[in-house]
Amino acid sequence: MTTGKNYIGNQLSAKGSKTFKTFNPELNKENDVVYTEASSEEIETALALASAAFLEFRTIPGVKKAKFLNAIADEILALGDELITTYCAESGLPQGRAEGERGRTIGQLKSFANLVVAGSWVEATIDTAQPNREPMPKSDIRKMLIPLGPVVVFGASNFPLAFSTAGGDTAAALAAGCPVIVKSHPMHAGTGELVSSAIIKAAQKTGMPNGVFSNLNSSGIEVGQKLVSHPKVKAVGFTGSIKGGRALLDLAAKREEPIPVLTEMGSINPVVILPKALENRNQQIAKTYAGSITLGSGQFCTNPGLILGIESRELNLFIDSLAQEIIQIKPSCMLHPNINKGYHKNKKTIISQDKVQLIANYTQEIKDNYPAQAIVKVNGADFLQNNKLHLEVFGPFSMVVVCKDAEQLATVIANLEGQLTGTIISDNDEISKYTSVISALQNRVGRIIFNGVPTGVEVCESMVHGGPYPASSDSRFSSVGVSSIKRWVRPFSFQDWPNELLPKELQNSNPLNIVRSVDGKVSKQKIE
Ligand code: NAP
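Residues numbered from 1 in each chain as written. Predicted model: local features only at pLDDT ≥ 70, side-chain atom pairs only at ≥ 80, totals over all residues. Heavy atoms only, no water.

Trainee: Explain the site of the ligand residue by residue, including any values.
Mentor: Surveying the vicinity of the ligand reveals 25 residues, the closest of which are Ser157, Lys183, His185, Ser241 and Cys301. In the environment of the ligand, an oxygen atom lies 3.1 Å from a nitrogen or oxygen atom belonging to the backbone of Gly220. Against a free-state accessible area of 860 Å², the protein chains account for coverage of 85% of the ligand. Residues that form the shell around the ligand fall into these classes: 11 nonpolar, 11 polar and three charged. The residue makeup of the shell around the ligand includes at least three contributed by each of domain 1 (6-265 + 478-487) and domain 2 (270-450). (Near = heavy atom within 4 Å. Polar contact = N/O pair within 3.5 Å; in protein donor to acceptor, adjacent residues only side chain to side chain. Areas by Shrake-Rupley, 256 points an atom, 1.4 Å probe, with all protein chains shown as cover. Nonpolar A, V, L, I, M, F, W, Y, C, P; charged D, E, K, R; others polar. Domains from an automatic or database assignment.)

Trainee: I'd love a proper account of the domain arrangement of the protein chain, names of residues and values included.
Mentor: When the domains of the protein chain are assigned, the result is domain 1 (6-265 + 478-487) and domain 2 (270-450). The gap between the C-alpha centroids of domain 1 and domain 2 is 33 Å. Facing the 14 residues of domain 1 at the interface are 15 residues of domain 2. The junction of domain 1 with domain 2 conceals about 1300 Å² of combined surface from both sides, 59% of it contributed by carbon and sulfur atoms. (Contact = heavy atoms within 4.5 Å. Buried area = accessible area lost by both parts, 1.4 Å probe.)

Trainee: Before we move on, could you go through the pattern of salt bridges and cite the residues and values that matter?
Mentor: Using the criterion set out here, one finds 17 salt bridges in the structure. One salt bridge in this structure joins Asp140 and Arg142, with 2.8 Å as the shortest N-O distance. With respect to class, Asp140 is no different from Arg142; both count as buried. For Arg246, the salt bridge is made with Asp250, and the minimal N-O distance between the two is 3.0 Å. Residue Arg246 and its partner Asp250 are both found in helix H8 (residues 242-254); the two are separated by four residues, about one turn of the helix. With a relative accessible area of 38%, Arg246 lands in the partly exposed category. Residue classification places Asp250 among the partly exposed positions, given a relative accessible area of 33%. (Salt bridge = Lys/Arg side-chain N within 4 Å of Asp/Glu carboxyl O. Buried < 20%, exposed > 50% of the residue type's maximum accessible area, 1.4 Å probe, protein only. Helix = DSSP H or I, 4+ residues; strand = E, 2+ residues; numbered from the N terminus.)

Trainee: Give me the environment of Lys367: which residues, what numbers.
Mentor: Within the secondary structure layout, Lys367 lies in the loop between strand E14 (357-361) and strand E15 (374-379). At 3.1 Å, the side chain of Lys367 and the side chain of Glu26 are in polar contact.

Trainee: I'd love a proper account of the packing of helix H7 (residues 222-229) against H8, names of residues and values included.
Mentor: Working note: a packed helix pair is described by the angle between its axes plus the distance between those axes. The interhelical angle for the contact between H7 and H8, taken along N-to-C directions, is 35°, at an axis separation of 9 Å. The interaxial crossing formed by H7 with H8 has right-handed handedness. Counting all contacts with H7, which are made through Gln225, Val228 and Ser229, the residues of H8 involved are Leu248, Leu251 and Ala252. Considered class by class, the residues forming the contact of H7 with H8 number four nonpolar, two polar and no charged. (Axes fitted to C-alpha atoms, helices over the stretch in contact; angles between N-to-C directions. Left-handed = near helix turned anticlockwise from the far one by under 90°.)

Trainee: Now, about unusual backbone geometry: what can you tell me, with residues and values included?
Mentor: The step from Glu134 to Pro135 runs through a cis peptide bond, and the omega angle for that step is 0°. Here Pro135 lies in the loop between strand E5 (125-127) and strand E6 (141-147). Backbone torsion omega between Tyr469 and Pro470 reads 10°, so that peptide bond is classified as cis. Relative to the elements of secondary structure, Pro470 occurs in the loop between strand E18 (445-450) and strand E19 (489-495).

Shown next as structure tokens:
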């Protein structure tokens, strides 16, 4: 049952005076539970607890952290139907999606548990001493990754489970040894509270320090701003709009001690369709893309918002097919009236731009909080001249850019902002003739896809979910997959440190049996 309170460490608490409710977009009415925004005092307490908890949590062995992460997964499953019904009532998303996202969340937690049990993720690197080196003796230097400290995680509106309370950012930070303070997303505060109760139960069952996790409610930007500005916070994880992410980056940069803000923000995910592919399977590509553009009401960061092709009869036929396919798809509910409003506003902004042609627009009657999907068309030269056309329209919308030739296509790509993904649809060996297009695309994105769709992000070690700004604030990291743990750690060296005082990962006998680099050789061997 949800109480509407915050979790300040292990305690439920509601000392604030500002309250709010979540909204059921499918029923177009508020849900019943009243949530209380965290007060300044509660923020202070949560951070003091997190700071104290860090001193113990940072040294907890991987096996014990794994028990905690696995217990969170078990406790989330134990929430049963209540979690699924709350999720659906707060997001308008269907039950199947809720169950799928729960599975993904649990899978992420377990993969981080496996990672910390195996232990080699700390990248232990040892250069042994050379006392007889001439002209100067060489010290013994040993390096590994260590946690940054308390991390603030902003829950994402479009993934109430997998990118929110116990989502990828939280799982990665806990695995790294960082306490987490979640700034719950106000659209799904109930889902957030239920998942928080699972995390707290797991923390208590596995003997974690009080303050290893807190969950703060808010329905405005103040709580988030206080958290990002607070000296006890050492890093921030965020998924959402460019405007919100950028505001947090700027705020963190102004602190006396600037801190990393790892944001995953807007992306329009360019898709390049090469001429032969259009010639051979125009209809099939149109059908596939109509499905991808409208999947989940287009509310994915990997939604294909930009389709690029070279002027031809086949490209025109494709545009016609895409228009026909997309209007046959029944719209589905958006997450919240504000997201729906944002969709209509941004769609209108694009449609009202000079030289933009509306190719398809769903015109049948739709319910409140449902979007009308649309496709627009513009030529390459006009796209290059008007930056407003690069705007992310978060929802079931895509723009086809008709380029005059391959050179203009490469120029359009080179002038895009950073993106999460880029896709090439190609037939036979035609891709080899487009090296400048491929090169331009690789320079702008974090992941390149061949003959597929960008929607659907596999959670695995080799996945990169990130990209040049503004797809993410730091293109060196992925926010999906176990490598995302690297966002919450820093390298640290011990010089000539007594063996028995070193962390186990760096001791001569390699008691954790992890993979290490010793004097340039990678192995699990002991140092004699
Ligand atoms: P958002 O407006 O960026 O908000 C995300 C979170 O950040 C919320 O918890 C919000 O707090 C907080 N926040 C926003 N601006 C802030 C600021 N200046 N200072 C401190 N905290 C701030 O995103 P959203 O609410 O999820 O959705 C709004 C729009 O973002 C969507 O319509 C869509 O265009 C875009 N979006 C994009 C993606 C993507 O993956 N590309 C994902 C989600 C959303 P409060 O809500 O409490 O104010």
